[in-house]
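# Observations on the three-dimensional arrangement
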Amino acid sequence: MKYYLLLLNFLLVHFVTAQIVSSAEDEAIFKTRLLQIQDVETSSFNEHLLEVGKTFLGTPYVEKTLEFGKTEALVINFRGLDCTTFVENTLAISLLQKQEKTDFFSFTDNLKTIRYRNGILDGYSSRLHYFTDWIRNNEEKGLVKDITADLGGIELNKSINFMGTHRELYPFLSDDTNYQRIIETETSLAKKTLCYLPQKEIKKSEAYMKSGDIIALATSIKGLDVTHTGIAFKKPNGRIHLLHASSSGEVKITEVPLVDYLKKVKNNIGIIVARPMP
């Protein structure tokens, strides 16, 4: 029911172009986010990204915000975020500082570059659905760097095929063309290894992690690489906490360090860390 109410809300308040779904309210929130950070001084891009992420604190968690309409479009929604759209929007806004831009359409260009394979929106399958694929492709774009191996991560050979084996969970996969293209993507992913930092190794690696690093939660669930993602928030005592769009309700910072938070996450095996590039 929540999903369909969200779709109804989109239909009532959003304008839709050939490839962009947005609203005047989203553009107003975007401008507010820029005002919130315009006077904040940071010494690095990582710190700037963290400050952008903190402007979303309290934003409601809403799942499936990108599953809109009958064809893939660049959906922009600042009023409700899931864990991935939180990271994507934060990175897209942060990049504006480097680009010396403040307009909404530059933001949308950044978001499209981040969300889609090689920055090209070409149907549902062009979206980077698996987060390890998201990291690899955005590393190729020069936007992030996977530092998991540098932190002591280990390789894992695992078939990433959850979407293809759970077609019924994804409305867009009722289309045979979309489904076949996702299968092709998963076949390509099968040739790659996954590097993750095991839970027991995280605490001693915290010294090398920074606020603003992008953290993905690796999982033992068959066919899946990652179940959740967020942004590292390093406290003065050196402990890493997670700034994330929590499925428990809203964008928040974990009360306990990441290591302790992960102990309660079912099927978690560790983390993958991607550092935004300045």
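Residues numbered from 1 in each chain as written. Predicted model: local features only at pLDDT ≥ 70, side-chain atom pairs only at ≥ 80, totals over all residues. Heavy atoms only, no water.

## Re the packing of helix α4 (residues 83–99) against helix α5 (residues 104–115)
- Contact geometry for α4 and α5: axes closest at 9 Å, N-to-C directions at 125 degrees. Judged by the angle between their axes, α4 and α5 are oblique. Crossing handedness for the pair α4 and α5: right-handed. Across the interface between the two elements, Thr85, Glu88, Asn89, Leu91, Ala92, Ile93, Leu95, Leu96 and Gln99 of α4 pack against Ser106, Phe107, Asn110, Leu111, Ile114 and Arg115 of α5.
- Looking at the contact of α4 with α5 residue by residue, the classes come out as eight nonpolar, five polar and two charged. (Axes fitted to C-alpha atoms, helices over the stretch in contact; angles between N-to-C directions. Helix = DSSP H or I, 4+ residues; strand = E, 2+ residues; numbered from the N terminus. Parallel < 35°, antiparallel > 145°, perpendicular 65-115°, else oblique. Left-handed = near helix turned anticlockwise from the far one by under 90°. Contact = heavy atoms within 4.5 Å. Nonpolar A, V, L, I, M, F, W, Y, C, P; charged D, E, K, R; others polar.)

## A few points about the confidence of the model for the protein
- When the pLDDT values of the protein are averaged, the result is 93; 94% of them are 70 or greater.
- In this model, residues 1–8 is a region of pLDDT below 50 whose contacts with residues beyond four sequence positions or in other chains number eleven contacts. (pLDDT = per-residue confidence, 0-100.)

## Focus: α5
- Between its first and last C-alpha atoms α5 spans 16 Å; for twelve residues at 1.5 Å apiece the expected length is 16 Å, and the two agree.
- Looking at α5, one finds that the buried residues are Phe104, Ser106, Phe107, Thr108, Asn110, Leu111, Ile114 and Arg115.
- Buried-residue contacts for α5 involve β2 (20–22), α2 (24–37), β3 (74–75), α4 and α6 (131–140). (Expected span 1.5 Å × (residues − 1). Buried < 20%, exposed > 50% of the residue type's maximum accessible area, 1.4 Å probe, protein only.)

## Remarks on the pattern of salt bridges
- Within this structure, the stated rule accounts for twelve salt bridges.
- Residues Glu206 and Arg239 are paired through a salt bridge, measuring 2.7 Å at the closest nitrogen-oxygen approach. Placement of the pair is Glu206 in the loop between α9 (199–205) and β7 (214–219) and Arg239 in the loop between β8 (226–234) and β9 (240–245), with a sequence separation of 33 residues.
- The residue Asp213 makes a salt bridge to Arg275 at a minimum N-O spacing of 2.8 Å. Remark: Arg275 occurs in strand β11 (residues 268–276) and Asp213 occurs in the loop between α9 and β7; sequence separation between them is 62 residues.
- With a relative accessible area of 17%, Arg275 lands in the buried category.
- Via salt bridges that share partners, Glu25, Asp26 and Arg79 belong to a single interconnected network. (Salt bridge = Lys/Arg side-chain N within 4 Å of Asp/Glu carboxyl O.)

## Brief notes about the environment of Asp133
- Tracing the sequence through the fold places Asp133 in helix α6.
- Looking at Asp133, the relative accessible area reads 6%, which means it is buried.
- Taking the C-alpha atoms as reference points, Asp133 and Asp26, separated by 107 residues in sequence, lie 28 Å from one another.
- Non-local contacts of Asp133, meaning those with residues more than four positions away in its chain, are made with Arg117, Leu128, Thr185, Leu189 and Asp225.

## Describing the pairing of β9
- Along β9, six of the six residues are buried, which leaves the element largely enclosed by surrounding structure.
- The two faces of β9 match: Ile240, Leu242 and His244 on one face and His241, Leu243 and Ala245 on the other face are all buried.
- Pairing geometry for β8 and β9, over four bridges, is antiparallel. Looking at β9, one finds that Ile231 is bridged to Leu243.
- Hairpin connection, β8 to β9: the antiparallel pair is bridged by five residues, and Gly238 has positive phi, about 90 degrees.
- As judged from the three bridges shared by β9 and strand β10 (residues 251–253), these two strands associate in the antiparallel manner. Bridging from a neighbouring strand, His244 pairs with Lys252 of β10. (Pairing = 2+ DSSP bridges.)

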